[in-house]
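Here are the chains, one letter per residue:
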Amino acid sequence: PPAAASQHRGDVTAHLFQWPWRDVAQECRSTLGPAGYAAVQVTPPQEHVELPAQGYPWWQAYQPVSYRLDSRYGNTREFAGMVETCHRAGVKVYVDAVINHMSGQVGGGTGSGGTRFGKYDYPGLYDSTDFHHCGGDGWIHDWNNAWEIQHCELLGLSDLATEQDDVRDDIAGYLNGLLRLGVDGFRIDAAKHIPAADLAAVKARLQRPAYLYQEVLGNAPIPKTDYLPNGDVIEDAYGQQISRVVKSGKLSWLDQFGEAWGFSPSGSAVVYVDSHDTERDQSGATLTYKDGPLFAIGNVFSLAWPYGHPLVLSSYGFTSTDAGPPGAAPDGDLRSVRCGGVTSGPGGWLCQQQDPATLGLVGFRNTAGTAPVSRWWSDGDNAIGFAREGRGYVVLNRESTAVTRTFDTGLPAGVYCDVTRGTVRGNRCTGPTVTVGRTGALTTTVPGLSALAIDVQHRVSRP
Ligand code: LAG
Ligand code: CA
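Here is what the cut-offs are and how they apply
- Residues numbered from 1 in each chain as written.
- Chains lettered and ligands numbered in written order.
- Predicted model: local features only at pLDDT ≥ 70, side-chain atom pairs only at ≥ 80, totals over all residues.
- Heavy atoms only, no water.
- Domains from an automatic or database assignment.
- Pairing = 2+ DSSP bridges.
- Helix = DSSP H or I, 4+ residues; strand = E, 2+ residues; numbered from the N terminus.
- Axes fitted to C-alpha atoms, helices over the stretch in contact; angles between N-to-C directions.
- Contact = heavy atoms within 4.5 Å.
- Core = buried A, V, L, I, M, F, W, Y, C linked by side-chain atoms within 4.5 Å.
- Buried < 20%, exposed > 50% of the residue type's maximum accessible area, 1.4 Å probe, protein only.
- Disulfide = S-S within 2.5 Å.
- Parallel < 35°, antiparallel > 145°, perpendicular 65-115°, else oblique.
- Left-handed = near helix turned anticlockwise from the far one by under 90°.
- Nonpolar A, V, L, I, M, F, W, Y, C, P; charged D, E, K, R; others polar.
- Salt bridge = Lys/Arg side-chain N within 4 Å of Asp/Glu carboxyl O.
- Right-handed = clockwise from strand over helix to strand, strands pointing away.
- Near = heavy atom within 4 Å.
- Polar contact = N/O pair within 3.5 Å; in protein donor to acceptor, adjacent residues only side chain to side chain.
- Areas by Shrake-Rupley, 256 points an atom, 1.4 Å probe, with all protein chains shown as cover.
- Donors = N, O, S within 2.8 Å, 3.2 Å for Na, K, Ca; no water.

Draft legend 1. Layout of the domain arrangement of the chain. Splitting the chain by domain gives domain 1 (3-234 + 316-349) and domain 2 (370-461). Spacing between the C-alpha centres of domain 1 and domain 2 amounts to 39 Å.

Spelled out as structure tokens, the structure:
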């Protein structure tokens, strides 16, 4: 990859859930690169099952049929072009790697690239001897039993015998092919269902170093710490807790948010407010785009706060949890992404990665770098403010009424652009500004259910 791709650009990844490769490329060029996103996470790119009778659900992508890059999202040429374009824009590409299992189709079928397959038979790749066969229906039933979780079938998906050398070779062959196309790292899907030692054996077969973040949900009976020697882990407790605090707790509880809450080590944790799975959780526990200003508060906090590596979900409106991406043709083919969907119900692509506050806070986080949190203030309830010492300051007001006070920002005096609402073009802020006085004091009013963020890269004038 060109030099731009290896420059330090912070640690925010945009997950462009279900986006075709050509649109991802365009988004790297027009938004992700200029805004300072470090990386993009793309949908599993391998050939997958096709389920027209079920309306081509999004989760087809999580049932591999072969390792050819021939999917609903594009072909090998389009995938390679996307990686090249994103690198040119300074954005790394992380692939969602589905390597615990193949399909769950009992009667078999034909894949998105035309491959005919059976549940335990993938011509030229795997046969029945390459899979685990537990008793009974083969499924995982006892979720307190670590052996079962790793050796039986997740949701009835044919479970690869990852302890076998030939299976490890085939999985590594797939990942190495992606690395040859320039891919920078992998989200290891369902990592908890693969013994950590088996993943280590696959990693050892990679032809060059790659960034790994592993999906290990919960801690029992399989602890996330088992996987830290392989790379980072997804800290799913983060999204649960931030959702709970913002929906029904107090922001003032967040002053030690991170390892003190029992989370994984900050430098090894990938975190999100919501994911493509949790936004479909029916319990309503997760903060999602459906929560409007509350979601915005959780999102701004998570980007401003120096714990973990944030993953920003970009998704589409839906009512049915199975619904595939908007605007698909009757044959399941995808049309190009058009941002601007309505925020509830089916309707369109939401493009949360382009939200002004999100763009502003990606810049804020990059500007803050390793500066520590300081000057914490709260009203003891649901309004907080804190600095990233010398680099930025943020106020979050989840009260229903406005907060007016003088905040001790510690920032150099001047007029600052509120990056939750505007950005600097030329030397002017496209949104509201606030003035920091000579002692770093900022006297302002922050309306109920809103946020304010300023950073030293967006100071529009000095005294
Ligand atoms: C994941 N991480 O570990 C993904 O984040 C998650 O989205 C995947 O589930 C899961 N692991 C397997 O890769 C998704 C859907 C499931 C879907 C599965 C396979 O959330 O609902 O299961 O992908 O396509 C579907 C049906 C099940 C059925 C299964 C097998 O919903 O009812 O048992 O297919 O036929
Ligand atoms: Ca397994």
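Draft legend 2. Quick peek at the sheet that holds strand 11 (residues 373-378). The sheet built from four strands is open, its strands ordered 11-12-13-20 with antiparallel pairing. In the strand order of this sheet, the two ends are held by strand 11 and strand 20 (450-455), each with one partner. Strand-to-strand, the axes of this sheet are offset by a mean angle of 10°, without reference to chain direction. Pairing of strand 13 (residues 392-397) with strand 20 involves six bridges; the strand directions are antiparallel. Paired with G392 across the bridge in strand 20 is D455. Along the sheet face, helix 9 (residues 356-368) touches strand 12 (383-388), strand 13 and strand 20 and points at about 40° away from the line of strand 20.

Draft legend 3. Quick peek at the nonpolar core. Counting 110 residues, the largest nonpolar core has V40, F79, M82 and F186 as its most contacted members. The element contributing the most residues to this core is helix 8 (residues 293-304), with seven residues. Residues lining this core come from more than one domain, with at least three contributed by each of domain 1 (3-234 + 316-349) and domain 2 (370-461). Beyond its immediate chain neighbours, meaning those up to four positions away, F186 contacts V95, A97, L175, L178, L179, A210, Y211, L212 and Y213. Membership of the second largest hydrophobic core comes to 15 residues, among which are V403, L411, Y416 and V446.

Draft legend 4. Focus on the state of the cysteines. As enumerated under the stated definition, the model contains four disulfides in all. Across a sulfur-sulfur distance of 2.0 Å, C134 and C152 are joined as a disulfide pair. As the torsion about the S-S bond is roughly -85°, the C134-C152 disulfide counts as left-handed. Remark: C152 occurs in the loop between helix 4 (146-151) and helix 5 (165-180) and C134 occurs in the loop between strand 5 (116-117) and helix 4; sequence separation between them is 18 residues.

Draft legend 5. How the structure looks around the environment of R168. Within the secondary structure layout, R168 lies in helix 5. Residues contacting R168, with those up to four places away along its chain left out, are T162, E163, A197, D198, A201, V202 and R205.

Draft legend 6. Summary view of the packing of helix 5 against helix 6 (residues 196-204). Helix 6 packs onto helix 5 with a crossing angle of 55° between their chain directions and a minimal axis gap of 9 Å. Taken together, the axes of helix 5 and helix 6 are oblique relative to one another. Both helix 5 and helix 6 take part in a crossing whose hand is right-handed. Contact residues: R168, I171, A172 and L175 in helix 5; A197, D198, A201 and V202 in helix 6. The residue makeup of the contact of helix 5 with helix 6, split by class, is six nonpolar, no polar and two charged.

Draft legend 7. Fine view of the pattern of salt bridges. Applying the stated rule across the entire model yields 19 salt bridges. Between R365 and D11 there is a salt bridge, with its nearest N and O atoms 2.8 Å apart. One end of the pair, R365, is in helix 9; the other, D11, is in the loop between helix 1 (3-6) and strand 1 (13-16), with 354 residues separating them in the sequence. A residue is classified by how much of its surface remains accessible, and D11, at 24% relative accessible area, is partly exposed. Linking R187 and D189 is a salt bridge whose minimum nitrogen-to-oxygen distance equals 3.0 Å.

Draft legend 8. Here's a closer look at the pairing of strand 2 (residues 39-42). Covered by surrounding structure in strand 2 are A39 and Q41 together with V40 and V42, the residues of both alternating faces. Where strand 1 lies against strand 2, three bridges are found, and the strand directions are parallel. Looking at the pairing, H15 lines up with Q41 of strand 2. Tracing the backbone out of strand 1, into helix 2 (residues 21-35) and back to the parallel element strand 2 gives a crossover that is right-handed.

Draft legend 9. Examining the site of ligand 1 more closely. Inspection of the region around ligand 1 gives 16 residues, with W59, L155, D189, E215 and D277 positioned closest. Between ligand 1 and A190 there is a distance of 3.0 Å, counted from an oxygen atom to a backbone nitrogen or oxygen. Residue D277 places a side-chain N or O atom 2.5 Å away from an oxygen atom belonging to ligand 1. When ligand 1 sits alone it has 660 Å² of accessible area, and the protein chains cover 78% of it.

Draft legend 10. Examining the coordination of the calcium ion (ligand 2) more closely. Summarising the metal site, the calcium ion (ligand 2) is bound by the protein donors N100 (OD1), Q150 (O), D159 (OD), D159 (OD) and H193 (O), whose distances to it range over 2.4 to 2.6 Å. Binding-site remark: the calcium ion (ligand 2) is held by donors from one chain whose sequence spacing is N-x49-Q-x8-D-x33-H. Of the two residues, N100 is situated in the loop between strand 3 (92-97) and strand 4 (109-110) and D159 in the loop between helix 4 and helix 5; the sequence distance between them amounts to 59 residues. A relative accessible area of 2% means that N100 is categorised as buried. Overall, the relative accessible area of 1% leaves D159 in the buried class.

Draft legend 11. Fine view of the sheet that holds strand 1. Read around the barrel, eight strands follow the order 1-2-3-6-7-8-9-10 and close on themselves; strand pairing throughout is parallel. Averaged over all neighbouring strand pairs, the angle between strand axes comes to 25°, with direction disregarded. Note: strand 3 against strand 6 (residues 185-188), four bridges, orientation parallel. Bridge pairing links V95 to F186 in strand 6.

Draft legend 12. Layout of the environment of R388. When you line up the elements, R388 lands in strand 12. Once the C-alpha coordinates of R388 and V373 are considered, the two residues, 15 residues apart in sequence, prove to be 4.7 Å apart. Not counting residues up to four positions away in its chain, the partners in contact with R388 are A304, W305, P306, F364, A368, G369, T370, A371, P372 and V373. Among the polar contacts listed, one links the side chain of R388 to the backbone oxygen of A371, at a separation of 2.8 Å.

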